[in-house]
Amino acid sequence: MRQLFPHLLVSFLIPNNALAFLAPTSSNNKHTTATKVGFLEAKRKHTSLLRAIQMPPLDSEQEEGIDKDLDVIYKQNLAWKASKEAEDPDYFNKLGGGHHPNYMWIGCSDARVPANEVMGEDAGSVFVVRNVANMVVNTDFNLMSALQYAVTVLKVPHIIVCGHYDCGGVRASMEAKDHVPPLENWLRNIRDVYRLHRVELDAIDDPEERHRRLVELNVIEQCLNIFKTGVVQRTRVESYKDKAHNFPYTTPRIHAAVFNPKTGTMTPLKVDFSEYIDDLHEIYDLYSVEEKVEDKEAAAKAAEFSEHLQIHSVRLVAMWHEYFGDSPTTTTAATATTKVLSDEPVAIAK
């Protein structure tokens, strides 16, 4: 059998009339005939197995490409189209004129969190990626490709990661249960968020409040995952250095938000990303900004100068009282100021 087994594997993939050429050669005609019969029997059984596991046949309506259960969707589409044209006859000409969204939305697949409607934005303004529990996972090529496209091609200035309370994915991650791959593999990323913030989360006695806090912390961690990506770092450095940049700030900006399905409210999370990022520079920075060194030196000089000004202000008030009483005029105040400044020419020069 060990000699015949490799030929049996191949026989499933080749026509019957070719089997004779693959059978082991033997001077014994009975052996050759038995081997050939064995090949044919194995192929017959394999073909029967394939027939048994094939998908069930489509019914007549599906074969015709018609599914009456979806008729309502197409009717609603026509009604929506008519309402938009009634509001603005040129609406679809504008919509078809190009894709220039202002926001990238990374949200949960939950049907209760439609990005455009939650934000009050119309079609064309939000570039959307959704998955279970609004995750930013570096092995998710779907999201990473969309992120690269949004940043380098669409050049969106704002990226929003929006979680939501009562998130099924977050709840599932808090259960001591195997949800079976690939879902369990995905949920492990949320379990990692819990591990990073275990001290804070374990201190919350109310399970529902603990869930809500994990939703928020998960959003923050996914925002940090965006900061870690090369495409976002590179684009932010370029916009920082570009003096002709259209925005008064570095882009893209990363925003953390959470939506409450029970109230319909989308709330920004109060988080200072600089506190987190300062601890991550040495590990995750892929690009350097030479200007940062100059900025730190300038900031140090400015702080020193501000300290001197505060000292001078105190001295100035004291001289007003000494020379001019409690109600100095503009002229006398200017005279006193000149005297104070002349006493510290080096400090003021800084």
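Here, the structure is the one placed above.
Undergrad: I tried to follow the layout of surface pockets on my own but got confused; where do I start?
TA: Vacant regions in the atomic arrangement are exposed by a probe of water-molecule size rolled over the atoms. Taken as a whole, the second largest pocket holds about 510 Å³ of empty space. For the second largest pocket, the lining is made up of 21 residues, of which Leu 196, Glu 221, Asn 225, Lys 228 and Tyr 284 are closest to its centre. Here the lining of the second largest pocket is composed, by residue class, of ten nonpolar, five polar and six charged.

Undergrad: So what exactly am I meant to see when it comes to the environment of His 197 here?
TA: Mapped onto the elements, His 197 comes out in the loop between α10 (183–196) and α11 (198–202). A relative accessible area of 14% places His 197 in the buried class. Along the primary structure His 197 and Leu 214 are separated by 17 residues, whereas in three dimensions their C-alpha atoms are 8.5 Å apart. In this view, His 197 contacts Leu 217 and Glu 221; residues no more than four positions away in its chain are not counted.

Undergrad: I keep staring at the side chain of Asn 260 and nothing clicks. Help me out?
TA: By secondary structure assignment, the location of Asn 260 is in strand β4 (residues 253–260). For Asn 260, the contacting residues outside a window of four places in its chain are Tyr 165, Arg 212 and Thr 265.

Undergrad: How do you make sense of the packing of α10 against helix α12 (residues 207–228) when you look at a structure like this?
TA: Packed helix pairs are characterised by how far apart their axes lie and by the angle those axes make with each other. One way to put it is that α10 packs onto α12 with a least axis distance of 10 Å and a crossing angle of 100°. Between α10 and α12, the interaxial angle falls into the category roughly perpendicular. Between α10 and α12, the residues in contact are Ile 190, Val 193, Tyr 194 and Leu 196 and Arg 210, Leu 214, Leu 217, Asn 218, Glu 221 and Gln 222, respectively. Along the lines of polarity and charge, the residues of the contact of α10 with α12 split into six nonpolar, two polar and two charged.

Undergrad: What am I meant to see in the nonpolar core here?
TA: Inside soluble globular proteins, nonpolar side chains tend to come together where they are buried. Counting 46 residues, the largest nonpolar core has Met 104, Ile 106, Leu 147, Ile 159, Ile 226 and Phe 273 as its most contacted members. Looking at this core element by element, the count peaks at nine residues for α12. Discounting chain neighbours no more than four positions away, the residues touching Ile 106 are Val 129, Asn 134, Met 135, Val 136, Leu 143, Ile 159, Ile 160, Val 161, Cys 162 and Ile 226. Ranked by size, the runner-up nonpolar core spans ten residues in total, among them Trp 105, Val 118, Ala 257 and Phe 259.

Undergrad: Can you walk me through the sheet that holds β4 in this structure?
TA: Paired through their backbone hydrogen bonds, the strands of a sheet run either parallel or antiparallel. Strand order in this open sheet of five strands is β2-β1-β3-β4-β5, and the pairing throughout is mixed. In this open sheet, the two edge strands, each paired with only one partner strand, are β2 (126–131) and β5 (265–268). Averaged over all pairs of adjacent strands, the angle between strand axes in this sheet comes to 25°, irrespective of strand direction. As defined by bridge partners, β4 adjoins β5 across four bridges and the pair is classed as antiparallel. Each bridged residue has a counterpart across the sheet, and for Ala 257 the counterpart in β5 is Pro 268. Helix α8 (residues 141–154) contacts β1 (103–108), β2 and β3 (158–164) of the sheet and is inclined by roughly 165° relative to β2.

Undergrad: Just to check I follow, could you spell out the state of the cysteines for this structure?
TA: By definition, a disulfide links the sulfur atoms of two cysteines through a covalent bond. In the structure shown here, the tally under the stated rule is zero disulfides. Cys 108 takes part in no disulfide bond, and the closest cysteine sulfur, belonging to Cys 167, lies 4.2 Å away. According to the relative accessible area criterion, Cys 167 is buried, its value standing at 1%.

Undergrad: What should I look at first to understand the packing of aromatic side chains in this one?
TA: Per the stated rule, a full pass over the model turns up four aromatic pairs. Ring centres of Phe 127 and Tyr 149 lie 5.9 Å apart, and the angle between their planes is 50°; this geometry places the pair in the tilted category. With Phe 127 in strand β2 and Tyr 149 in helix α8, this residue pair connects regions lying 22 residues apart in the sequence. Given a relative accessible area of 15%, Phe 127 falls into the buried group. Taken together, the aromatic side chains of Trp 80, Tyr 91 and Phe 92 make up a single cluster linked through ring pairs.

Cut-offs used in this document
- Residues numbered from 1 in each chain as written.
- Predicted model: local features only at pLDDT ≥ 70, side-chain atom pairs only at ≥ 80, totals over all residues.
- Heavy atoms only, no water.
- 1 Å grid on protein atoms, 1.4 Å probe; cavity = no way out; pocket = protein on both sides within 12 Å on 5 of 7 lines; lining within 4 Å.
- Points joined across faces, edges and corners; volume = space filled by probe spheres on them.
- Nonpolar A, V, L, I, M, F, W, Y, C, P; charged D, E, K, R; others polar.
- Helix = DSSP H or I, 4+ residues; strand = E, 2+ residues; numbered from the N terminus.
- Buried < 20%, exposed > 50% of the residue type's maximum accessible area, 1.4 Å probe, protein only.
- Contact = heavy atoms within 4.5 Å.
- Axes fitted to C-alpha atoms, helices over the stretch in contact; angles between N-to-C directions.
- Parallel < 35°, antiparallel > 145°, perpendicular 65-115°, else oblique.
- Core = buried A, V, L, I, M, F, W, Y, C linked by side-chain atoms within 4.5 Å.
- Pairing = 2+ DSSP bridges.
- Disulfide = S-S within 2.5 Å.
- Phe/Tyr/Trp six-rings, centres within 6.5 Å; stacked < 30°, edge-to-face > 60°.

The values reported here are purely geometric and, on their own, carry no functional implication.
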